[in-house]
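# Structural overview for review
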Amino acid sequence: MRSSWSFMASAAHEVWYPGFGRLLRQMKRQDKTDVDDLYAIQCVQLASIVRFAFRRVRYYRDYAAKLGLDIESLRTHADLRSLPIVTRRQLQSRHADFLSEGRRSLRVHNASTSGTSGTPLDYRLSPRDRAVGLALMYRGWGYSGYQVGDRVLLLAGRSLGSASRRWDAGLTGYARNLVRLSAFDMTEKALSRYVTILNQKKPAYLRGYPSALLVLARWILCKGGLTWQPRAAFTTAEVLLPEVRSEISKALGCPVFDGYGLNDGGVSAFECERHCGLHIDMERSILEVVDEKGVTLKEGTGRIIATTLTNYAMPLLRYDTGDVGELVQHKCSCGRQRPLLKAIHGRSTDVLETPEGKLVHGWFFVYLLRDMSRYIEEFEVVQETVTKVSIVLVPTPEYNRTFEGRLRELVGELSPGWNVQIHLVAALQRVDGEKRKYVRTQVHAANRI
Ligand SMILES: [Zn+2]
């Protein structure tokens, strides 16, 4: 069974991106490559994309001229550190200036994100960059034994492994052998159905936000009924707390492998079988961790800064991802030499509750509002009571009543019982030294099932 799916999945990926199989094999070969060799490869990639960006991307061309930068001299990681950091706000406000010129004929993938940073953002990926990202994800999943074609059950929203275009949807849904369950509609009835689906579909792996898998895990621990044991669970997109890991592991009867990824910056990192940190992928981007002054750290906690190495559709040099991570110096005993991220801080949202009895993962709002960067600069969602939800927005000049009506309508479709209050503000209140949750609840029952 595994081999027939594997063959079909490989063929479908080859049609999606010719040469994908070769690319995946290359990434797997490089998994245990000497880290100095990987740094050397990064330098070659860096020199090339810097040269391209300074010639073909208006934003970088402007600042190279302004700062009097010699493009040819930017070749190493140390040279890179002389460049200014680009914030999400800059990227949002000058979006068109970051797109590569003269690449109209190139097939590109337009996407949007806000992570949990509360700032919606549009970005663009080249086909190769997407393929490298997928190959790295498969390599990372492979640390648990995963092979392309193995069945994976997703408990998520629409972005984890999904795509809006028909062909992509076909590829991801069928050939990738994915089973999708919604994390935005977790009623008691739905959770009971999810357990039945798990028993019937027998996925080799589960993937989801830690908080969504935790809701399912608690349901299973409380009600029982799970007769199938997957090989592993993959968590992503949020902080994985040790107690959450152990509850998920206990309920599903399998180990949990944590991962971190960000398509807009091209960064990714995956936990290996030793579970002592996440190995940072070095083939798609350069990941730096900087302190509050913007100084690159060898170890310690700071903001994660990404430089894309393969995305020629929208190169980003020293882009502030909005995430905070801890870089550690110790080597993993697995033999992979790539540096380790010990923890990603502050990436989390709550699970909200509706008067109709649904549990709704906070990423519902993250997805909804990230597509609205034309109207919204920043957002924050707070559930004050089971029936009252406040959406605080920093509007752009394009914000209007029609948009607001549409927003109310979309939230109303999810829960007719919610009284949604929209507040427009000039800026969100910041808490010093702390990355706050942009979707949070004050209703404790929502996280308790
Ligand atoms: Zn390792």
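Use the structure listed above.
The structure displayed is predicted, hence computed values, not measured ones.

Basis of the calculations
- Residues numbered from 1 in each chain as written.
- Predicted model: local features only at pLDDT ≥ 70, side-chain atom pairs only at ≥ 80, totals over all residues.
- Helix = DSSP H or I, 4+ residues; strand = E, 2+ residues; numbered from the N terminus.
- Contact = placed C-beta atoms within 7 Å.
- Buried ≥ 20, exposed ≤ 12 C-beta atoms within 10 Å, placed from the backbone.
- Pairing = 2+ DSSP bridges.
- Axes fitted to C-alpha atoms, helices over the stretch in contact; angles between N-to-C directions.
- Core = buried A, V, L, I, M, F, W, Y, C linked by C-beta atoms within 7 Å.
- Parallel < 35°, antiparallel > 145°, perpendicular 65-115°, else oblique.
- Left-handed = near helix turned anticlockwise from the far one by under 90°.
- Expected span 1.5 Å × (residues − 1).
- Arc of directions from axis to C-beta.

On a plain count of helices and strands, the protein comes out with 13 helices and 19 strands. Partitioning the intrachain contacts of the protein with sequence separation of at least 6 by distance along the chain shows that 70% fall at a separation of at least 24.

Further remarks concern the environment of Y399. Note that Y399 resides in the loop between β17 (388-395) and α13 (401-414). Its 17 C-beta neighbours within 10 Å are what place Y399 among the partly exposed residues. Distance in space between the C-alpha atoms of Y399 and M372 is 9.7 Å, their sequence separation being 27 residues.

Further remarks concern the sheet that holds β17. Sheets are built from strands that pair by backbone hydrogen bonding, the pairs being arranged parallel or antiparallel. The 4 strands lie next to each other as β18-β17-β16-β19, forming an open sheet whose pairing is mixed. Of all the strands in the sheet, the pair left with one neighbour each is β18 (419-424) and β19 (439-441). Averaged over all pairs of adjacent strands, the angle between strand axes in this sheet comes to 20 degrees, irrespective of strand direction. Relative to β17, strand β16 (residues 376-383) runs antiparallel, the two sharing 7 bridges. Paired with I376 across the two strands is P395, which belongs to β17.

Glycine aside, residues mostly have negative phi, and peptide bonds are mostly found in the trans state. Unlike most non-glycine residues, H275 shows phi in positive territory, near 55 degrees. In this structure, H275 sits in the loop between β8 (267-271) and β9 (278-280). Here H275 falls in the partly exposed class, since 15 other C-beta atoms lie within 10 Å of it. At R318, a position not held by glycine, the phi torsion is positive, near 50 degrees. Structurally, R318 is set in the loop between β11 (300-308) and β12 (319-328).

In terms of burial, β16 is a largely internal element, 7 of the 8 residues being buried. In sequence, β16 turns back onto β17 through a hairpin of 4 residues. Pairing of β16 with β19, which is carried by 3 bridges, proceeds in the parallel orientation. Within the sheet, the bridge partner assigned to Q383 lies in β19 and is T441.

All right, on to the nonpolar core then. Counting residues in each nonpolar core, the largest one holds 111 residues, and the members touching the most others are L155, L213, L216 and A233. It is helix α10 (residues 210-223) that provides the largest number of residues to this core, a total of 8 residues. Residues in contact with L213, not counting those within four places in the same chain, are L155, L206, G208, A233, T235 and I248.

Next up on the list: the packing of α10 against helix α11 (residues 242-252). Helix-helix packing is described using two parameters, namely the angle between the two axes and the distance between the axes. The interhelical angle for the contact between α10 and α11, taken along N-to-C directions, is 45 degrees, at an axis separation of 8 Å. By the criterion of interaxial angle, the relationship of α10 to α11 is oblique. Where α10 crosses over α11, the handedness of that crossing is left-handed. Across from P210, L213, L214, A217, R218, I220 and L221 in α10, the residues of α11 making contact are V244, E247, I248, K250, A251 and L252.

A few words now on the sheet that holds strand β4 (residues 178-182). An order of β4-β3-β5-β6-β7-β8-β9-β13-β12-β11-β10 is seen for the 11 strands of this open sheet, with the pairing classed as mixed. Of all the strands in the sheet, the pair left with one neighbour each is β4 and β10 (285-290). Averaged over all neighbouring strand pairs, the angle between strand axes comes to 35 degrees, with direction disregarded. Alignment of β8 against β9, held across 3 bridges, turns out to be antiparallel. Residue pairing across strands places F270 opposite H279, the latter belonging to β9. Lying over the sheet, α11 contacts β5 (205-208), β6 (232-235) and β7 (256-262), oriented at roughly 125 degrees with respect to β7.

Take helix α3 (residues 35-56) next. End to end, α3 covers 31 Å across 22 residues, agreeing with the expected 32 Å (1.5 Å per residue, within 8%). Among all positions of α3, only L46, I49, V50, A53 and F54 are buried. One face of α3 carries all of its buried residues, which in axial projection span an arc of 125 degrees. Residues of α3 that are exposed and point more than 90 degrees away from the buried face comprise D37, A40 and V44. Buried residues in α3 make contact with α4 (58-67), α5 (77-80), β10 and β11.

By themselves these figures say nothing about function.
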